[in-house]
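Fold and geometry: a report
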Amino acid sequence: MKKAYILIIIAFTAISGVSGQHIVRIDTLMTPYFQFDYKGWIEEDTHHIMDVQHSIFMDYPGNPQHPFAIRGDGTILGGEQLQFNYIEGGATVHGIAVWMFIDHDSIQWNPQDDLLLYESRPDTFIFLEMATLDKFAPFQPNIRLSMRGNVTMSCDRPKTTVHDIEPWYGDLKPQYFFFDKPVHVRDSFYVGATQKFLEQHFRYMAYPEEGAPPIEFGRWGLLSIAYHGHHRNNDTTCWPPAMKIKQRWTMPPSLGIPLPEGYTLNQWVNRYALDFFMIVPLIETYDTLWDYELVTCPQVEWFNVTGTRGDTTTLRWQSADDLHAEWQLSYGPKGIDPDNGTLVDCRAASWRYIDSLHTRDSMSAWVRTVCRDEGYLRYSDWSHEVSWGGQDSSALWTEQPQGNIRLEGLVRLTPNPATDEVTVTSAYRLTGVEVYAMDGRLRYQAPAQGLTCRFAVQGWTRGTYLVLVQTAAGTSTKKLVVR
């Protein structure tokens, strides 16, 4: 059963009215790719059995053209092995996933082995990338494998039991090893590994006087009905499909093991195997959530000019909720529209315009909320226009029309009217207080903590002032009358 991964990208569309936007969300995942569809294979015929084992790479019985000798004795492969993969349209490979059993009772792992990626084309075979295998790499969440029976069972009778198992050895769990950067492969490619640990072992056995340390053996996880090339019977109908592999003998004959038939030292040869080794590519796939509705990006509230001082004009606004704290402001000469103004990104609900050359010019500004939900960048509608300078210099601020609904009744000024001192009380933690006169000048400003703070108004000009009380839940605007 051939597998193909298809990326479907559909642009999200806006829904009219007050509803949110419907999108197709696509998340990038790193997925181990199994060329052998072992689940489909055991389900298509009740005679098919499959089990999890572990082994080093083997020189299978027979020769490269006839590798499937029955009741044969497989021998070790003194070198490297690659396993064929085919993904229609190609794939982006981020690394290699390995299931491996490590004998931790041995002394050390020396030297480190490499995981290999090659691309196969009709006229050439190209090395693309490698990653170093580190036995101390963290284990990934295990992948449950659908199995039927085990290797001790013959396959001449139907088997009814199909069960999900986790590989029985505690260390036979997946580990992921990533390349320095992803590699795109065409449809045909090979993934495999070296077996330097095996060569080091035989070098120690052949030349103990060199003091080469004994090392621990690693054994690769595999799916098979065989062990060391020893197949249980000659009923080929219950064998899995032959796996296309490449093997390269790298162990020097001086270590005491002669090259088997069909091999040339350090050259790749084409072979087939009935074992599927769990050394597989980590490819980029996509998890898609269809028709996901984003909440509406809310407009700001109470956008106003709250003060002018010299060549500086201060604009403030109120966030419509507690979820969004990023805005975009547009400003320019009065008469332009917000899409043609100068854009400013704001992380606070205020902005100061400083211009010592054009203080008498009439200027306008708008602000909108920036929403970054589920990885999508969106904007609310622009706010109403505010203006300052020129003929609008006297209209510097207005009281918030309906107050801050979240803070209404939870922020108080006492006494009000006041003559000597004012106490600010809040149900939310205070962060600061600003007081502006009717002409927009800043009369008082100070940070605040706790739930109360005080400031003196003795000697202030009688009249009405605007008090901006900043809290952890937002800003509340209050009128203060000084007598």
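Before reading further, recall that the structure is shown in the block above.
Notes on the structure in this doc start here. (Residues numbered from 1 in each chain as written. Predicted model: local features only at pLDDT ≥ 70, side-chain atom pairs only at ≥ 80, totals over all residues. Heavy atoms only, no water.)

Some details on the environment of tyrosine 353
The test is simple: Where helices and strands are cited, they refer to DSSP runs of H or I of at least four residues and of E of at least two residues respectively, numbered from the N terminus. Only protein chains enter the accessibility calculation, which uses a 1.4 Å probe; a residue is then buried when its area is under 20% of its type maximum, exposed when over 50%, and partly exposed in between. Note on contacts: a residue pair qualifies if any of its non-hydrogen atoms lie within 4.5 Å across the two residues.
Mapped onto the elements, tyrosine 353 comes out in strand E25 (residues 350-354). Tyrosine 353 sits in the buried class, given a relative accessible area of 10%. It is 8.0 Å that separates the C-alpha atoms of tyrosine 353 and aspartate 311, two residues lying 42 residues apart in sequence. Among residues more than four places away in sequence, those in contact with tyrosine 353 are Asp311, Thr312, Thr313, Tyr331, Met363 and Trp388.

Side note on empty space enclosed by the protein
Note the cut-off: Site definitions follow a grid-based scheme: protein atoms alone, a 1 Å grid, a 1.4 Å probe that fits but cannot get out for cavities, and for pockets an open set with protein on both sides within 12 Å along at least five of seven lines, plus lining residues having an atom within 4 Å of a point. Grid points are joined across faces, edges and corners, and a volume is the space filled by probe spheres set on the points. Basically, the charged four are Asp, Glu, Lys and Arg, the nonpolar ten are Ala, Val, Leu, Ile, Met, Phe, Trp, Tyr, Cys and Pro, and anything else, Gly included, counts as polar.
Scanning the model with the defined rule gives two cavities of 30 Å³ or more in all. If you add up the space inside the largest cavity, you get close to 40 Å³. The wall of the largest cavity is formed by Phe57, Gln81, Leu82, Gln83, Val191, Gly192, Phe277 and Ile279. Counting residues per element, the ones that place at least two in the lining of the largest cavity are strand E6 (79-86) and strand E13 (188-193). It is E6 that contributes the most residues to the lining of the largest cavity, three residues altogether. A class-by-class count of the residues in the lining of the largest cavity yields five nonpolar, three polar and no charged.

Things to note about the side chain of serine 364
For clarity, the cut-off: Pairs of N or O atoms are called polar contacts if they sit within 3.5 Å, as long as, within protein, a hydrogen donor faces a hydrogen acceptor (for residues adjacent in sequence, only side-chain-to-side-chain pairs).
The topology assignment puts serine 364 in strand E26 (residues 363-373). Given a relative accessible area of 0%, serine 364 falls into the buried group. In terms of polar contacts, serine 364 uses its side chain to reach the side chain of serine 387, at 3.1 Å.

Re the state of the cysteines
Our working rule: Cysteine sulfur atoms that come within 2.5 Å of each other are treated as a disulfide pair.
Summed over all chains, the structure comprises one disulfide. Through a disulfide, cysteine 297 is tied to cysteine 371; the S-S separation comes to 2.0 Å. Measuring handedness by torsion sign, the sulfur bridge of cysteine 297 and cysteine 371 sits at about 95° and is right-handed. Here the residue cysteine 297 occupies a position in the loop between strand E20 (279-294) and strand E21 (301-309), and cysteine 371 occupies one in strand E26, the gap between them amounting to 74 residues. Judged on exposure class, the residue cysteine 297 and its partner cysteine 371 are both buried.

Some words on the packing of aromatic side chains
To keep things clear, this is the line we draw: Side-chain rings of Phe, Tyr and Trp, where Trp is taken by its six-membered ring, are said to pair if the distance between their centres is within 6.5 Å; with planes under 30 degrees apart they count as stacked, over 60 as edge-to-face, and otherwise as tilted. Any Lys NZ or Arg CZ that is within 6 Å of a ring centre and within 35 degrees of that ring's normal is treated as a charge sitting over the ring.
Using the criterion set out here, one finds 25 aromatic pairs in the structure. For the ring pair phenylalanine 57 and phenylalanine 277, a centre distance of 5.1 Å and an interplane angle of 80° mean the geometry is edge-to-face. Of the two residues, phenylalanine 57 sits in the loop between strand E3 (51-55) and strand E4 (58-59) while phenylalanine 277 sits in strand E19 (residues 276-277), which places them 220 residues apart along the sequence. In terms of burial, phenylalanine 57 and phenylalanine 277 fall into one category: buried. Taking 6.4 Å as the distance between ring centres and 85° as the angle between the ring planes, the aromatic pair formed by tyrosine 176 and phenylalanine 178 counts as edge-to-face. Of the residues examined, phenylalanine 178 reaches a relative accessible area of 45% and is grouped as partly exposed. Taken together through their ring pairs, the aromatic side chains of Phe34, Phe36, Tyr38, Trp41, Trp99 and Phe276 make up a single cluster. Here the guanidinium or amino end of lysine 246 rests over the ring plane of phenylalanine 125, the centre of that ring lying 4.7 Å away. A cation over a ring is seen here: arginine 368 above tyrosine 379, with NZ or CZ 4.1 Å from the ring centre.

Comments concerning the sheet that holds strand E22 (residues 312-318)
Test applied: In this description, strands pair whenever DSSP reports at least two bridges between them. Geometry is summarised by axes, namely lines fitted to C-alpha atoms with helices restricted to the contacting stretch, and by angles between N-to-C directions that run from 0 to 180 degrees.
Taken in spatial order, the three strands of this open sheet run E21-E22-E25, and their pairing is antiparallel. Bordering the open sheet on either side are E21 and E25, each of which pairs with just one other strand. The mean inter-strand angle of the sheet, taken between neighbouring strand axes irrespective of direction, is 20°. Both E22 and E25 contribute to a ladder of five bridges, which runs antiparallel. Each residue of the ladder has a partner; that of threonine 314, found in E25, is arginine 352.

Details of the sheet that holds strand E8 (residues 114-121)
Judged by pairing direction, the sheet is antiparallel, and its six strands sit side by side in the order E9-E8-E13-E6-E17-E18 without closing on themselves. Looking at the sheet topology across the chains shown, the edges are occupied by strand E9 (124-132) and strand E18 (268-273). Going across the sheet, the axis of each strand differs from the next one's by a mean of 30°, ignoring polarity. Here strand E17 (residues 243-249) pairs with E18 via six bridges, running antiparallel. Each bridged residue has a counterpart across the sheet, and for methionine 243 the counterpart in E18 is alanine 273.

Thoughts on helix H2 (residues 196-206)
Stated formally: The directions from the helix axis to the C-beta atoms form the arc being described.
Every buried residue of H2 is listed here: Phe197, Leu198 and Gln200. Buried residues of H2, seen end-on, are gathered within an arc of 160° and therefore sit on one face of the element.

Digging into the pairing of E3
On a regular strand, each side chain points to the face opposite its neighbour's, so the side chains alternate between the two faces of the sheet. In terms of residue burial, E3 counts as a mostly covered element, since five of its five residues are buried. The pairing of E3 with strand E14 (residues 218-224) spans five bridges and is antiparallel. Opposite glutamine 53, over in E14, you have leucine 222 as the bridge partner.

Here we look at the pattern of salt bridges
Applied cut-off: Salt-bridge detection follows one rule: a side-chain nitrogen of Lys or Arg within 4 Å of a carboxyl oxygen of Asp or Glu.
Counting across every chain of the model gives seven salt bridges. A salt bridge links arginine 121 to glutamate 119; the nearest nitrogen and oxygen atoms lie 2.8 Å apart. For glutamate 119, a relative accessible area of 2% corresponds to the buried category. For arginine 372, the salt bridge identified is with glutamate 326, shortest N-O distance 3.0 Å. With arginine 372 in strand E26 and glutamate 326 in the loop between E22 and strand E23 (327-333), the pair connects residues that are 46 residues apart, well separated along the chain. A relative accessible area of 52% means that arginine 372 is categorised as exposed. Classification of glutamate 326 by relative accessible area gives buried; the value is 12%. Counted as one network, the salt bridges with shared partners bring together Glu326, Arg347 and Arg372.

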